[in-house]
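In case you want the letters, here they are:
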Amino acid sequence: MSTENRVEATAKNIEGKIQEAVGEVTGNPKDKAEGQAKQREAAVEHTVENIKDEKKEAIDRSY
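Residue indices follow the written sequence of each chain, beginning from 1 at its first position. Local features in this predicted model are restricted to residues whose pLDDT is 70 or higher, and side-chain atom pairs enter the listing and the counts only when it is 80 or higher, whereas totals over whole chains, interfaces and linings include all residues. Excluded from the side-chain calculation are hydrogens and water; included are all heavy atoms of the structure.

Asks: Quick rundown of helix α1 (residues 3-26)? Include the residues and the values.
Replies: Put simply, DSSP H or I for four residues or longer makes a helix, DSSP E for two residues or longer makes a strand, and each gets a number counted from the N terminus. What a helix should span is 1.5 Å times the count of its residues minus one. When the terminal C-alpha atoms of α1 are compared, their 34 Å separation across 24 residues agrees well with the 34 Å that a helix rising 1.5 Å per residue should span. Relative accessibility under 20% of the residue-type maximum defines a buried residue, over 50% an exposed one, and the middle range a partly exposed one, all with a 1.4 Å probe and only protein chains included. Buried within α1 we find Ala9, Gly16, Gln19 and Gly23. Packing partners of the buried residues in α1 comprise α2 (29-62). Positive backbone phi, at 75°, marks Gly27, one or two positions downstream of α1. Contacts between residues were defined by any pair of non-hydrogen atoms, one from each residue, lying within 4.5 Å.

Asks: Break down a nonpolar patch on the surface for me, with residues and values.
Replies: What makes a patch is a set of residues exposed beyond 30% relative accessible area and free of salt bridges, joined within 9 Å when like-charged and within 5 Å when nonpolar (Val, Leu, Ile, Met, Phe, Trp, Tyr). Accessibility throughout is a Shrake-Rupley quantity obtained with a 1.4 Å probe, and a residue counts as covered only by protein chains that appear here. Here a salt bridge means any side-chain nitrogen of Lys or Arg lying within 4 Å of a carboxyl oxygen belonging to Asp or Glu. Residues Ile14, Ile18 and Val22 make up a contiguous nonpolar surface patch of roughly 260 Å² in combined accessible area. If you trace the backbone, Ile18 turns up in helix α1.

Asks: Give a detailed account of the packing of α1 against α2, specifying residues and quantitative values.
Replies: Angles here are taken between N-to-C directions and fall from 0 to 180 degrees, while the axes themselves are lines fitted to C-alpha atoms, restricted in helices to the stretch in contact. Relative to each other, α1 and α2 sit at 160°, their axes nearing to 7 Å. The orientation of α1 relative to α2 falls into the category roughly antiparallel. In this structure, the crossing between α1 and α2 has a hand that is left-handed. The class makeup of the residues in the contact of α1 with α2 is 2 nonpolar, 11 polar and 15 charged. Should an angle fall under 35 degrees it is called roughly parallel, over 145 degrees roughly antiparallel, and 65 to 115 degrees roughly perpendicular, with every other angle called oblique. Here a crossing is taken to be left-handed if its near helix is turned anticlockwise relative to the far helix by less than a right angle, and right-handed if that turn runs clockwise. Throughout, the ten residues Ala, Val, Leu, Ile, Met, Phe, Trp, Tyr, Cys and Pro are labelled nonpolar, Asp, Glu, Lys and Arg are labelled charged, and all others, Gly among them, are labelled polar.

Asks: Go over the UniProt feature "domain: CsbD-like" (unreviewed entry) in the chain with me, naming the residues and quoting the values.
Replies: UniProt positions are given in the numbering used here, feature names are shortened, and annotations may be inferred rather than shown by experiment. Under the UniProt annotation, "domain: CsbD-like" (unreviewed entry) lies at residues 5-56. In this annotation, residues 5-56 is assigned 96% helix and 0% strand; the end-to-end C-alpha distance for the span is 16 Å.

Asks: Explain the environment of Asn5 to me, and be specific about the residues and the numbers.
Replies: Mapping Asn5 onto the fold places it in helix α1. On a C-alpha basis, the gap between Asn5 and Ala42 in space is 10.0 Å, while along the polypeptide they are 37 residues apart. Aside from chain neighbours lying at most four places away, what touches Asn5 is Glu49 and Lys52. Nitrogen and oxygen atoms within 3.5 Å of one another constitute a polar contact, given that in protein one can donate a hydrogen and the other can accept it, and given that sequence-neighbouring residues count only through two side-chain atoms. One polar contact links Asn5 to Glu49, side chain to side chain, over a distance of 3.0 Å.

Asks: Describe the side chain of Gln19, and please don't skip the residues or the numbers.
Replies: With respect to the helices and strands, Gln19 occurs in helix α1. Judged by relative accessible area, Gln19 falls into the buried class, the value being 14%. A distance of 2.8 Å separates the side chain of Gln19 from the side chain of Lys38, its partner in a polar contact. Setting aside chain neighbours within four positions, we find Gln19 in contact with Asp31, Lys32, Glu34, Gly35 and Lys38.

And the structure:
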């Protein structure tokens, strides 16, 4: 897996958590929803990278 992709997904997740918290504190539902959406995007990116890793490991084991 690309370390860069994982770092970007983790940063997006953290950004989303912060944005969600700010939206909660300020009572801004738009910020809260956008923060939650960023967290979901980050989760999808992590899943994609995990699948790539699993495929690569399976290919490496077959040789």
